[in-house]
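# Coordinate analysis (summary)
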Amino acid sequence: MNTKKEAQELPQEVELLLPWHAAGTLSRRDAARVEQALANDNELARRYDMVRDELGEAIRLNESLGAPSSRAMEKLFAKIDAEPVRKPKIAFSITDWMTEFVAGFSPRTLAYAASVAALAIVLQAGLLASIFVKDGTGYSTASIPQLDQNARGSFVHVRFNPQATVDDITKFLIENKAVVLGGPAAGSGLFTLRVAETQLSPAELGAIVKMMAKSPVVGFTVPAAQP
Amino acid sequence: MQVLFARHHVRVFRFVLRLVRNEATAEDLISEVFLDVWRQAGKFEGRAAVSTWLLAIARFKALSVLRRKPEQELDEAAAEAIEDTSDTPDVTLEKKEKGELIRKCLTSLSAEHREIIDLVYYHEKSVEEVAGIVGIPEATVKTRMFYARKKLAELLKAQGIERGWP
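All of the points below concern the structure found in this document.

Moving on, we come to the overall build of chain B. What chain B contains, in helices and strands, is nine helices and zero strands. Secondary structure elements of chain B occur, N-terminal to C-terminal, as α-α-α-α-α-α-α-α-α. When burial is assessed residue by residue, chain B has 51% of its 166 residues classed as buried. Looking at chain B alone, contacts between residues at least 24 apart form 66% of all its contacts between residues at least 6 apart. Split by element, the accessible area of chain B, about 7800 Å² in all, is 50% carbon and sulfur.

Pasting the structure below:
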């Protein structure tokens, strides 16, 4: 019965939100809802003024309470000093370990480490390129790779986009049943791909080139002259 | 820890002081609160603001003290006593500012009502954060705040300030 009576005297939800609106802690949606209600309801706006009075005085009251003495801080740090040394964690966390490990280095050491890491990445890129062009014949000054006279099949020249990863290129080659025969050519960066075991007609080869050109992996492609 | 303490200890102290109403106890409590924080730093999951976490710990500590000691707050009888010792409403209004009376009545509220008013108005906690600190549903937070304000209005009325609400 009492609960029913209490429920009856409760105002609309929007009025219940007035204290939070005055404190500025409502979500944007609720704040807009309250603003709209305040604009349309003079009595609610009058009550909102009361809320703002209360808020101001509550802040003033709390601010008048002052601050604790330095005794509180001294007591706290004395207690912390008296605490037993914490045991190391039993569970090993690789991220925690890495964080502590890296944090142990000086900035200068970290700079050297970063340089070494950058060098390693460059060397790795070179290694990958040499593996990728496994049939390459070494450095060439020609801008268009020259095909082996004994090569059989149909061929295209392709320049891969600089953003393409090795994974992207591998996927592209598999999808197009292509094999890298040579490259990258100095100056042009072109690779030679074999796209068919047999000699295709110019129209068929042109269709393959057109399809390859649509791939985001490829920046440029052109049919290669038959050897 | 020093930075955390420097940043939050005053507000935590005021929150606790408003609950326990004793400066020495409040000071003891805040060192207990920050010691707990130091011990449990690894358990802080970052789902709530640090200040919300601190206030929740502080509230728990303050309530533990209040349970051990007799309630020191002013109860209904004490609130009435304020009224008895006051001047007539007209004289009161002449002598004292309305703000001062509001502050006086805010002090006369029950611990439960003081707590929610301080959390909302002074500590700027959202409905959700108050629910987390006090450990009650969000709907209860809203209604408790309403009843706290209603009680405040009644105390003000008794002091001669008629606000036309409730």
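Take the sheet that holds strand β2 (residues 179-182) of chain A next. Residue and element names in this part refer to chain A. With respect to topology, four strands assemble into an open sheet ordered β2-β3-β1-β4, the strand pairing being antiparallel. Each edge of the open sheet carries a strand with a single partner, namely β2 and β4 (218-223). The average undirected angle you get between the axes of adjacent strands in this sheet is 35°. By the bridge criterion, five bridges tie strand β1 (residues 154-160) to strand β3 (residues 191-196) in an arrangement that is antiparallel. Bridge assignment links His157 to a residue of β3, and that residue is Thr192. Helix α10 (residues 202-213) contacts β1, β3 and β4 of the sheet and is inclined by roughly 175° relative to β4.

Looking now at the interface of chain A and chain B. Counting residues at the interface gives 41 residues for chain A and 46 residues for chain B. In terms of surface lost to chain B, no three residues of chain A exceed Trp20, Glu54 and Asn62 of chain A, which account for 15% of the buried area on that side. Where chain A meets chain B, there are 10 salt bridges. Linking chain A with chain B are 20 residue pairs in polar contact (both at pLDDT 80 or more), by the criterion used here. Looking at the side of chain A that touches chain B, the elements that each hand over two or more residues are α1 (2-9), α2 (13-16), α3 (18-23), α5 (42-63) and α6 (70-82) of chain A. Among the elements that line the side of chain A that touches chain B, the one with the most residues is α5 of chain A, at 14 residues.

Let us now look at the environment of Ala23 of chain A. Residue placement: Ala23 of chain A occurs in helix α3. Note on Ala23 of chain A: relative accessible area 15%, which makes it buried. Sequence spacing of Ala23 of chain A and Val51 of chain A is 28 residues, and the spatial spacing of their C-alpha atoms is 9.5 Å. Discounting chain neighbours no more than four positions away, the residues touching Ala23 of chain A are Leu55 of chain A together with Val120 of chain B.

The next point concerns the packing of aromatic side chains. All chains considered together, the criterion is met by five aromatic pairs over all chains. The interplanar angle of 70° and the centroid separation of 4.9 Å between the aromatic rings of Phe5 of chain B and Phe34 of chain B together place this pair among those described as edge-to-face. Of this pair, Phe5 of chain B sits in helix α1 (residues 2-20) while Phe34 of chain B is found in helix α2 (residues 23-40), placing the two residues 29 residues apart along the sequence. Both residues of the pair, Phe5 of chain B and Phe34 of chain B, count as buried. Ring pairs connect the aromatic residues Phe77 of chain A together with Phe5 and Phe34 of chain B, which therefore count as one cluster. Between the NZ or CZ atom of Arg11 of chain B and the centre of the ring of Tyr122 of chain B, over which it lies, the distance is 4.4 Å.

The next point concerns the pairing of β3 of chain A. Residue and element names in this part refer to chain A. Most of β3 is tucked away: five of the six residues are buried. Bridging between β2 and β3 involves three bridges; their strand directions are antiparallel. What sits directly across from Gly182, in β3, is Thr192.

Here the focus is the side chain of Thr52 of chain B. Looking at the secondary structure, you find Thr52 of chain B in helix α3 (residues 50-68). Classification of Thr52 of chain B by relative accessible area gives buried; the value is 5%.

One non-glycine residue, Lys177 of chain A, adopts positive backbone phi at about 50°. Mapped onto the secondary structure, Lys177 of chain A falls in the loop between α9 (166-175) and β2. On the basis of relative accessibility, which here comes to 71%, the residue Lys177 of chain A falls in the exposed class. One non-glycine residue with positive phi stands out, namely Arg21 of chain B, at about 60°. Checked against the element boundaries, Arg21 of chain B lands in the loop between α1 and α2. For Arg21 of chain B, a relative accessible area of 25% corresponds to the partly exposed category.

Another aspect to go through is the environment of Glu57 of chain A. Mapping Glu57 of chain A onto the fold places it in helix α5. The buried category is assigned to Glu57 of chain A, whose relative accessible area is 9%.

Moving on, we come to the pairing of β1 of chain A. Residues and elements named next belong to chain A. A large share of β1 lies buried, amounting to six of its seven residues. Looking at chain direction, β1 and β4 are connected through five bridges and run antiparallel. Its bridge partner being in β4, Phe160 is matched across the sheet by Val218.

This part covers the nonpolar core. Of all hydrophobic cores here, the largest spans 66 residues; its most connected members are Val12 and Ile117 of chain B. Beyond its immediate sequence surroundings of up to four residues, Ile117 of chain B is in contact with Ala58 of chain A together with Leu106, Leu109, Tyr122, Met145 and Ala148 of chain B. Counting residues in each nonpolar core, the second largest holds 19 residues, with Ala164, Ile169, Phe172 and Val217 of chain A among its members.

The rules we used
- Residues numbered from 1 in each chain as written.
- Chains lettered and ligands numbered in written order.
- Predicted model: local features only at pLDDT ≥ 70, side-chain atom pairs only at ≥ 80, totals over all residues.
- Heavy atoms only, no water.
- Helix = DSSP H or I, 4+ residues; strand = E, 2+ residues; numbered from the N terminus.
- Buried < 20%, exposed > 50% of the residue type's maximum accessible area, 1.4 Å probe, protein only.
- Contact = heavy atoms within 4.5 Å.
- Areas by Shrake-Rupley, 256 points an atom, 1.4 Å probe, with all protein chains shown as cover.
- Pairing = 2+ DSSP bridges.
- Axes fitted to C-alpha atoms, helices over the stretch in contact; angles between N-to-C directions.
- Buried area = accessible area lost by both parts, 1.4 Å probe.
- Salt bridge = Lys/Arg side-chain N within 4 Å of Asp/Glu carboxyl O.
- Polar contact = N/O pair within 3.5 Å; in protein donor to acceptor, adjacent residues only side chain to side chain.
- Phe/Tyr/Trp six-rings, centres within 6.5 Å; stacked < 30°, edge-to-face > 60°.
- Lys NZ or Arg CZ within 6 Å of the ring centre and 35° of its normal.
- Core = buried A, V, L, I, M, F, W, Y, C linked by side-chain atoms within 4.5 Å.

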